[in-house]
Amino acid sequence: MTISMVAISHIIQPSLMQLQPRVFINFRGEDIRYGFISHLVAAFEVHGIYFFIDKYEQRGNDLTYLFKRIEESKIVLAIFSGKYAQSKWCLNELATVKKLAEENKLKVIPIFYKVKVGDVRRQKGEFGRNFWNLARISSGEEIKQWKEALEFVSHKMGLELCENRSST
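Basis of the calculations
Residues numbered from 1 in each chain as written. Predicted model: local features only at pLDDT ≥ 70, side-chain atom pairs only at ≥ 80, totals over all residues. Heavy atoms only, no water. Helix = DSSP H or I, 4+ residues; strand = E, 2+ residues; numbered from the N terminus. Expected span 1.5 Å × (residues − 1). Contact = heavy atoms within 4.5 Å. Polar contact = N/O pair within 3.5 Å; in protein donor to acceptor, adjacent residues only side chain to side chain. Pairing = 2+ DSSP bridges. Axes fitted to C-alpha atoms, helices over the stretch in contact; angles between N-to-C directions.

Between its terminal C-alpha atoms helix α4 (residues 88-102) stretches 21 Å, which fits the 21 Å expected from 15 residues at 1.5 Å a residue. Those residues of α4 hidden inside the fold are in contact with β1 (23-26), α3 (64-72), β3 (75-80), β4 (107-113), α6 (125-135) and α7 (140-154). The N-capping residue of α4, defined by a side-chain oxygen 3.2 Å from the backbone nitrogen of Trp 89, is Ser 87. Asn 104 sits one or two residues past α4 and shows a positive phi near 60°.

See below:
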């Protein structure tokens, strides 16, 4: 599978590149790390795009480091997949992304990977089942922040990558 970098590369200007990450990739690792994400990372490396991916972070660790990386970034790719909403990490990162995007401190680009935009926006389908399963063991405030972040980000212009998309 290859990914076209046209849409993303027009947003990421090479003159903005510095040593710190300029693109933070927010995704559910278990779901897409060794497929879609590995291709995206390879494309970023080929094009010289600085990025941060939580490849070496351990589950259950403090999220402070990840939040710092989000704040240092200029762009966040929020990659929604079927299992994305199983992760408090992903949803907490997304709530931070929403806050920073509202303050015009970064841009967020949603990528809907084998999920429908409406399912993310309204927590339906497989995405919704996973969201509501996590919500059962979460606080009301967390759920409110997550829903607001999902609504906010899903209304941004992004990419929808469907099951039957060609790989050219």
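If you trace the five strands from one edge of the open sheet to the other, you get β2-β1-β3-β4-β5, paired in parallel fashion. On the outer flanks of this sheet lie β2 (51-52) and β5 (159-161), each paired with one strand and no other. As paired strands, β1 and β2 are joined by two bridges and run parallel to one another. Opposite Phe 24, over in β2, you have Phe 52 as the bridge partner. Across the face of the sheet, helix α2 (residues 29-46) comes into contact with β1, β2, β3, β4 and β5 while running at roughly 155° to β3.

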